[in-house]
Amino acid sequence: MAGGQHSNTHLVKGIGKAMDQFKYEVAHELGIQPPADGYWGMMTTRDTGTIGGHMTRKLVAMAEQQLASRQPF
């Protein structure tokens, strides 16, 4: 996508800051040094993909845990 188009819009208003913090936490857990200036564009695709993949796994696990703890109708 060119021209500043974004396809990854957040459904919850204000969640962007929390997701950024989550990204840094996952990077530290994996031993990947996040960029000091906040610009992730100079990092390798392998590192950013690893971070994103682990973020997704953790979010899916949290959602599954929440669904499992719900009472049946």
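None of these values were measured; they are calculated from a predicted model.

A. Inspection of the overall build of the chain at higher detail. A count of helical and extended segments in the chain gives two helices and zero strands. Among the 73 residues that make up the chain, the fraction classed as buried is 14%. Summarising the internal contacts of the chain: among those between residues at least 6 apart in sequence, 39% fall at separations of at least 24. By element, 56% of the accessible surface of the chain is carried by carbon and sulfur atoms, the whole surface being about 6300 Å².

B. How the structure looks around the packing of helix α1 (residues 16-30) against helix α2 (residues 45-69). Axis separation between α1 and α2 bottoms out at 9 Å; the angle between their running directions is 110°. Here α1 is positioned roughly perpendicular relative to α2, judged by the angle of their axes. Together, M19, F22, K23, V26, A27, E29 and L30 of α1 and T50, I51, H54, M55, K58 and L59 of α2 make up the contact between the two elements. The residue makeup of the contact of α1 with α2, split by class, is eight nonpolar, two polar and three charged.

C. Representation of the nonpolar core. Among the nonpolar cores identified, the biggest contains eight residues, and these are F22, V26, A27, I32, W40, M43, I51 and M55. At the level of secondary structure, the elements contributing two or more residues to this core comprise α1 and α2. When sequence neighbours within four positions are dropped, the list of residues in contact with I51 reads K23, V26, A27, L30, I32 and W40.

D. Fine view of the pattern of salt bridges. Evaluated as defined, the whole model comprises two salt bridges. When the shortest N-O distance is used, the salt bridge between D20 and K23 registers 3.6 Å. With D20 and K23 both in helix α1, this residue pair falls three residues apart, about one helical turn. E29 serves as the salt-bridge partner of K58, at 2.9 Å between the closest nitrogen and oxygen. On the criterion of sequence distance, the pair formed by K58 in helix α2 and E29 in helix α1 is long-range, its members being 29 residues apart.

E. Structural context of α1. Taking 1.5 Å per residue as the helical rise, α1 with its 15 residues ought to reach 21 Å, and the 21 Å between its terminal C-alpha atoms agrees with that figure. Inspection of α1 places F22, V26 and A27 among the buried residues, and these make up the whole buried set. When α1 is viewed along its axis, its buried side chains cluster within an angular range of 135° and face the same direction. Opposite the buried face of α1, by more than 90 degrees, sit the exposed residues K17 and H28. The elements touched by buried residues of α1 are α2. Just past α1, the residue G31 takes up positive phi, approximately 75°.

About the criteria used
Throughout this document, residue positions are counted from 1 along each chain, in the order its sequence is written. Confidence filtering applies because this is a predicted model: local features only for residues at pLDDT of at least 70, side-chain atom pairs given and counted only at 80 or more, and all residues used for totals across whole chains, interfaces and linings. With hydrogens and water stripped out, all remaining heavy atoms of the structure feed into the side-chain values. Every helix listed is a DSSP run of H or I at least four residues long, and every strand listed is a run of E at least two residues long, numbered separately from the N terminus. Note on exposure labels: buried denotes an accessible area under 20% of the residue type's maximum, exposed denotes more than 50%, and partly exposed covers the range between, all computed with a 1.4 Å probe on protein chains only. Throughout, a contact is declared for two residues whenever any of their heavy atoms are within 4.5 Å. For the area figures, the Shrake-Rupley method with a 1.4 Å probe applies, and any residue is considered shielded solely by the protein chains shown. Helix axes are fitted to C-alpha atoms over the stretch in contact, other axes to C-alpha atoms as well, and angles between N-to-C directions run from 0 to 180 degrees. Geometric relationships in this document are graded by angle, where less than 35 degrees denotes roughly parallel, more than 145 denotes roughly antiparallel, 65 to 115 denotes roughly perpendicular, and other angles denote oblique. Gly is placed with the polar residues, together with every amino acid not listed as nonpolar (Ala, Val, Leu, Ile, Met, Phe, Trp, Tyr, Cys and Pro) or charged (Asp, Glu, Lys and Arg). Only buried residues count toward a nonpolar core, which is a set of Ala, Val, Leu, Ile, Met, Phe, Trp, Tyr and Cys residues joined through side-chain atoms within 4.5 Å. Salt bridges are defined by distance alone: a side-chain nitrogen of Lys or Arg within 4 Å of a carboxyl oxygen of Asp or Glu. Between the first and last residue of a helix there are one fewer steps than residues, each counted as 1.5 Å, and that sum is the expected span. The arc refers to the directions leading from the helix axis to the C-beta atoms.

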